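# Examining the three-dimensional arrangement
Below are the chains, spelled out letter by letter.
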Amino acid sequence: MGFALELDRKGKEMHEFTCGHQECDSRLISSDKDILMGQVADHLKVVHNVQTATRTILNYLETACVTSSPDW
Ligand SMILES: [Zn+2]
């Protein structure tokens, strides 16, 4: 099913999150930014003990730590 979704996409834009936290350097990659931000929220919870990743936090991280590249 995920495969069919991929075929529907025009470009193959990839979004990459690089955690800005010192001593972390985790990287998360997804072709869907919403999924990626969900993974980021999980990452914050599991790794950095941030129980509630608010919109504000995610918006900030999206701006500061996510790079998008077409045709990755
Ligand atoms: Zn991290």
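Residue numbering note: each chain is counted from 1, following its sequence as written. With pLDDT at 70 or above as the cut-off, local features in this predicted model cover only qualifying residues; side-chain atom pairs require 80 or more to be listed or tallied, and sums for whole chains, interfaces and linings still use all residues.

### Side note on the sheet that holds strand E2 (residues 27-30)
- With respect to topology, three strands assemble into an open sheet ordered E2-E1-E3, the strand pairing being antiparallel. At either margin of the open sheet sits one strand with a lone partner, and together these are E2 and strand E3 (66-69). Here the strands of the sheet are splayed against their neighbours by 20° on average, with no regard to which way each runs.
- Bridging between strand E1 (residues 14-18) and E2 involves four bridges; their strand directions are antiparallel. What sits directly across from Phe17, in E2, is Leu28.
- We call two residues in contact if the C-beta atoms placed from their backbones are at most 7 Å apart. Note on geometry: axes are C-alpha line fits, over the in-contact stretch for helices, and angles between N-to-C directions span 0 to 180 degrees. The numbering of helices and of strands both runs from the N terminus, where a helix is a DSSP run of H or I of at least 4 residues and a strand a run of E of at least 2. Together, E1, E2 and E3 form the strand contacts of helix H2 (residues 33-48), whose direction differs from that of E2 by roughly 155°. One bridge is not enough; two strands pair if DSSP finds at least two bridges between them.

### Observations regarding the nonpolar core
- Working definition: the nonpolar core is a set of buried Ala, Val, Leu, Ile, Met, Phe, Trp, Tyr and Cys residues, joined through C-beta atoms within 7 Å. Counts of 20 or more other C-beta atoms within 10 Å of a residue's own C-beta define buried residues, counts of 12 or fewer define exposed ones, and intermediate counts define partly exposed ones; C-beta atoms are placed from the backbone. Residues Phe17, Leu36, Met37, Val40 and Leu61 constitute the largest nonpolar core, which totals five residues.
- Counting residues per element, this core draws most heavily on H2, at three residues.
- With sequence-adjacent residues up to four places away left out, Leu36 is seen in contact with His15, Phe17, Leu28, Ser30 and Val66.

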